[in-house]
Number of protein chains: 2
Amino acid sequence: MPVSDPALPVLDLAATSADLTRQLCDIQSVSGDEATIADAIAAALAGLDHLEVNRDGDAIVARTALGRGKRVVIAGHIDTVPINNNLPVREEDGYLVGRGTVDMKGGVAVALKLAVELTAPPVDLTWIFYDHEEVDSALNGLGRLARSRPDLLAGDFAILGEPTSATVEGGCNGTARADIRLHGVRAHSARAWVGHNAIHDAAPVLAILAAYEPASIEVDGLVYREGLNAVGISGGVAGNVIPDEAIVSVNYRFAPSRSAADAEQHLREVFAGFELEVSDIAEGARPGLDAPLAQDFLAAVGGTASPKYGWTDVARFSALGIPAVNYGPGDPMKAHADDERVAIAEILECERGLRAWLTAG
Amino acid sequence: MPVSDPALPVLDLAATSADLTRQLCDIQSVSGDEATIADAIAAALAGLDHLEVNRDGDAIVARTALGRGKRVVIAGHIDTVPINNNLPVREEDGYLVGRGTVDMKGGVAVALKLAVELTAPPVDLTWIFYDHEEVDSALNGLGRLARSRPDLLAGDFAILGEPTSATVEGGCNGTARADIRLHGVRAHSARAWVGHNAIHDAAPVLAILAAYEPASIEVDGLVYREGLNAVGISGGVAGNVIPDEAIVSVNYRFAPSRSAADAEQHLREVFAGFELEVSDIAEGARPGLDAPLAQDFLAAVGGTASPKYGWTDVARFSALGIPAVNYGPGDPMKAHADDERVAIAEILECERGLRAWLTAG
């Protein structure tokens, strides 16, 4: 009989999903320090007949193998941004207040409770609890699994429990960053005419951005609003020098119907004639809400779906050919906020919605 | 009889002004460390019947008191920017190479030699050797004298020995710096429409700068070319944030016929409707080359005068009502350069020109 580690926090799975949220938040798990919470989750899932449990670093993957015709993946990250005197969790006016309550241990608690309780779902289920979402994308635990164990991510539809105020947000826009670089000739500003001012040359670039009218593009029944914005500008050597360089950094949010190549081509057309370098590009995710499985999900949780504008890890599923949506408790505007807080009612609503869908005929 | 300090470098005033330049350069005097060179200059000027010598900090002022009807002030700074393996001075192909040769110990050597030798000039002379020109304007030795001993700066015409390649450059443009600040509303760049992009709002500011046609303004017979340029631009919070602030920093070089108030008014007209704050403003200096004394000087040194574009300490004389010109050996483009070098012929030419004027009639 294994000797249990007395230092390991033990999760009480019989508690409500709201109480489980509190338990999970009070196990600090800032990115890079997820071992303890991963141990606790692994312990909670161990020894259940209906689940095969795999661990990869601090990511836990628990799968049913019931031979159903379809498989649904439900995933959430277990790390948080740094705490800031906002733990342990306290309850206030129907809210749980503290780091991780919104982003996203409410969603994790719902998933963990259902993973344990749903022993005979109508579809096979894959529950993923992963690490390193809040830091450099290269460290992302879901990305690591997609590279090393894509078999564990296989499925027909995926739900990411990121906060959506308990509504369904489908897919996500893609995002590209690019630098537009202007070149001049440095000179003393007392004799400006012997130089060439690179900052002045940025005038038409900013004029293009100010006049740009972003498209709204329908994908699988949801309308994605695009955006093209300067997110940075820099130039200047000293107060008495004509600057020889200026850089405008732009961020293009593009509909999930566009490929990365399409998005880059669009940027090159918009800024034709300027030196443009794409520094970072990530495709979005199609919502896939026209599939019967997704329609059933939507009907069970109620309400109508809306598009997700921010890039989330649903795009990692989309890249594997798996349509994916976001569905979780909490107002995303409160993610990372020092007064992060989730409505207890939203946690319970998400649990109800998923349970209704996953226990239906 | 005073005991001489064996550590004090002794200047050989019988040497040529070129050799004296070398001697002065080899006494290192980076701004803030001028005591040794000031001691050496004070020692060289001490005990001469035709000069009254005053010292203020490391500034030395030596004046004749011959009761002439006019007084001319000849000034130069004795500090340099930091050395960079470019001392001691070496001679190469007719040049003296090393820190300070251009900026401006060539001019100081000419002045020091003539201060000692011109015992009966046709005008009274004030020779000023001052400290802290290459650093924060608040430390400037000439500025300190202007505040604490304006009587020592009194005169009808002033010559600053800053490098002009041995030509006369009259007066100088004024200079103003201002920040134009744009305000937006911060938002996540995935939902740009809930924010307002401050960088985009800089588009018309840059368009104004790019289209601006600087004036050329005649003052006392010299034509001053103005300039208005961005010297810096900044904005941006993060790669996924709509920026709520952008700042364009501009530098306006304005003709010496404009007051500081005129210059600021012009900036406010050019950027009407934008939030503009003047951070720094210094008026220029009229050349005063239409005065008879200046005409005599020009005739003696030969050639024609041109306007000085960069701001120099001549403006400190102008602020006291004393017209002033720049006249010294060395190409100003070599000032502060690691390969700083002055043509020996230019040093001798400046000595010849000043001597011809100050021994005439």
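Cut-offs and rules
- Residues numbered from 1 in each chain as written.
- Chains lettered and ligands numbered in written order.
- Predicted model: local features only at pLDDT ≥ 70, side-chain atom pairs only at ≥ 80, totals over all residues.
- Heavy atoms only, no water.
- Helix = DSSP H or I, 4+ residues; strand = E, 2+ residues; numbered from the N terminus.
- Buried < 20%, exposed > 50% of the residue type's maximum accessible area, 1.4 Å probe, protein only.
- Contact = heavy atoms within 4.5 Å.
- Phe/Tyr/Trp six-rings, centres within 6.5 Å; stacked < 30°, edge-to-face > 60°.
- Least-squares fit on C-alpha atoms with pLDDT ≥ 70 in both.
- Pairing = 2+ DSSP bridges.
- Salt bridge = Lys/Arg side-chain N within 4 Å of Asp/Glu carboxyl O.
- Axes fitted to C-alpha atoms, helices over the stretch in contact; angles between N-to-C directions.
- Buried area = accessible area lost by both parts, 1.4 Å probe.
- Polar contact = N/O pair within 3.5 Å; in protein donor to acceptor, adjacent residues only side chain to side chain.

A word on the overall build of chain A
Consideration 1: Across its full length, chain A carries ten helices and 19 strands.
Consideration 2: Here the C-alpha coordinates of chain A stretch approximately 85 × 45 × 40 Å along the principal axes.
Consideration 3: Going through the 361 residues of chain A one by one, you find that 55% of them count as buried.
Consideration 4: For chain A, restricting intrachain contacts to residue pairs at least 6 apart in sequence, the fraction spanning at least 24 positions comes to 77%.

Considering the packing of aromatic side chains
Aromatic ring pairs are defined here through the distance separating the ring centres and the angle between the ring planes.
Consideration 1: Across all of its chains, the model carries twelve aromatic pairs over all chains by this definition.
Consideration 2: Taking the centre distance of 6.3 Å and the plane angle of 90° together, the rings of Phe-157 of chain B and Trp-357 of chain B count as edge-to-face. Linking Phe-157 of chain B in strand 7 (residues 157-160) with Trp-357 of chain B in helix 10 (residues 344-359), this pair joins segments that are 200 residues apart in sequence. Across this residue pair, the class does not change: Phe-157 of chain B and Trp-357 of chain B are buried.
Consideration 3: Connected via pairs of aromatic rings, a cluster forms that spans Phe-157, Phe-297, Tyr-327 and Trp-357 of chain A.

Regarding the relation of the copies chain A and chain B
Mapping one chain copy onto the other needs a rotation about an axis and a shift along that axis.
Consideration 1: Of the transformation placing chain A onto chain B, the axial shift is 0.1 Å and the rotation is 180°, giving an RMSD of 0.1 Å. Taken together, the turn and the small shift mark the pair as related by a two-fold rotation axis.

With respect to the pairing of strand 11 (residues 216-219) of chain B
Consideration 1: The sheet contact formed by strand 11 of chain B and strand 12 (residues 222-225) of chain B spans four bridges and is antiparallel. Bridge pairing in strand 12 of chain B links Ile-217 of chain B to Tyr-224 of chain B.

Focus: the pattern of salt bridges
Consideration 1: Using the criterion set out here, one finds 48 salt bridges over all chains in the structure.
Consideration 2: Among the ionic pairs, Arg-55 of chain B bridges to Asp-39 of chain B, the shortest N-O distance being 2.8 Å. With Arg-55 of chain B in strand 1 (residues 52-56) and Asp-39 of chain B in helix 2 (residues 35-45), this residue pair connects regions lying 16 residues apart in the sequence.
Consideration 3: Owing to a relative accessible area of 39%, Arg-55 of chain B belongs among the partly exposed residues under this scheme.
Consideration 4: Of the charged contacts, one joins Glu-92 of chain B and Arg-341 of chain B as a salt bridge, the two residues approaching to 3.4 Å between their closest N and O atoms. Of the two residues, Glu-92 of chain B sits in strand 4 (residues 90-92) while Arg-341 of chain B sits in strand 19 (residues 341-343), which places them 249 residues apart along the sequence.
Consideration 5: Given a relative accessible area of 28%, Glu-92 of chain B falls into the partly exposed group.
Consideration 6: One continuous salt-bridge network, built from bridges that share partners, spans Lys-113, Glu-117, Glu-351 and Arg-355 of chain A.

Some thoughts on the sheet that holds strand 7 of chain B
Residues and elements named next belong to chain B.
Consideration 1: Judged by pairing direction, the sheet is mixed, and its eight strands sit side by side in the order 1-2-6-3-7-18-8-17 without closing on themselves. Bordering the open sheet on either side are strand 1 and strand 17 (306-307), each of which pairs with just one other strand.
Consideration 2: Pairing analysis gives four bridges linking strand 2 (residues 59-63) to strand 6 (residues 124-130), with the strands arranged antiparallel. Bridge pairing links Val-61 to Ile-128 in strand 6.

Considerations on the sheet that holds strand 15 (residues 245-254) of chain B
Consideration 1: Reading across the sheet, the eight strands line up as 16(A)-9(A)-15(A)-13(A)-13(B)-15(B)-9(B)-16(B) and stay open at both edges, with antiparallel pairing between neighbours. Edge positions in the sheet fall to strand 16 (275-282) of chain A together with strand 16 (275-282) of chain B, since each of these pairs with one other strand and no more. Shown here is a sheet whose adjacent strand axes are inclined to one another by a mean of 25°, direction ignored.
Consideration 2: Across ten bridges, the pairing between strand 9 (residues 174-183) of chain B and strand 15 of chain B is antiparallel.

Some thoughts on the interface of chain A and chain B
Interface size is often expressed as the accessible area that is lost when the parts come together.
Consideration 1: With 39 residues of chain A at the interface, the matching set in chain B holds 39 residues.
Consideration 2: Counting the surface lost from both chain A and chain B, the interface buries some 3000 Å², and carbon and sulfur atoms represent 63% of this.
Consideration 3: Of all residues in chain A, Trp-193, His-200 and Ile-233 of chain A give up the largest surface area on contact with chain B, accounting jointly for 20% of the area buried on that side.
Consideration 4: Across the chain A-chain B interface, the total number found is zero salt bridges.
Consideration 5: Counting the contacts that link chain A with chain B gives 14 residue pairs in polar contact (both at pLDDT 80 or more).
Consideration 6: Looking at the side of chain A that touches chain B, the elements with two or more residues in it are helix 6 (203-211), strand 13 (227-235), strand 14 (241-242) and strand 15 (245-254) of chain A.
Consideration 7: Top element by residues in the side of chain A that touches chain B is strand 13 of chain A. It accounts for eight residues.
Consideration 8: Inspection of the sheet shows strand 13 of chain A paired to strand 13 (residues 227-235) of chain B by three bridges, in the antiparallel sense. Bridged to Ser-234 of chain A within strand 13 of chain B is Ser-234 of chain B.

Considering the pairing of strand 15 of chain A
Residues and elements named next belong to chain A.
Consideration 1: Burial within strand 15 is extensive, with eight of its ten residues counted as buried.
Consideration 2: Across eight bridges, strand 13 lies against strand 15 in antiparallel orientation. Looking across to strand 15, one finds that Leu-228 is bridged to Tyr-252.

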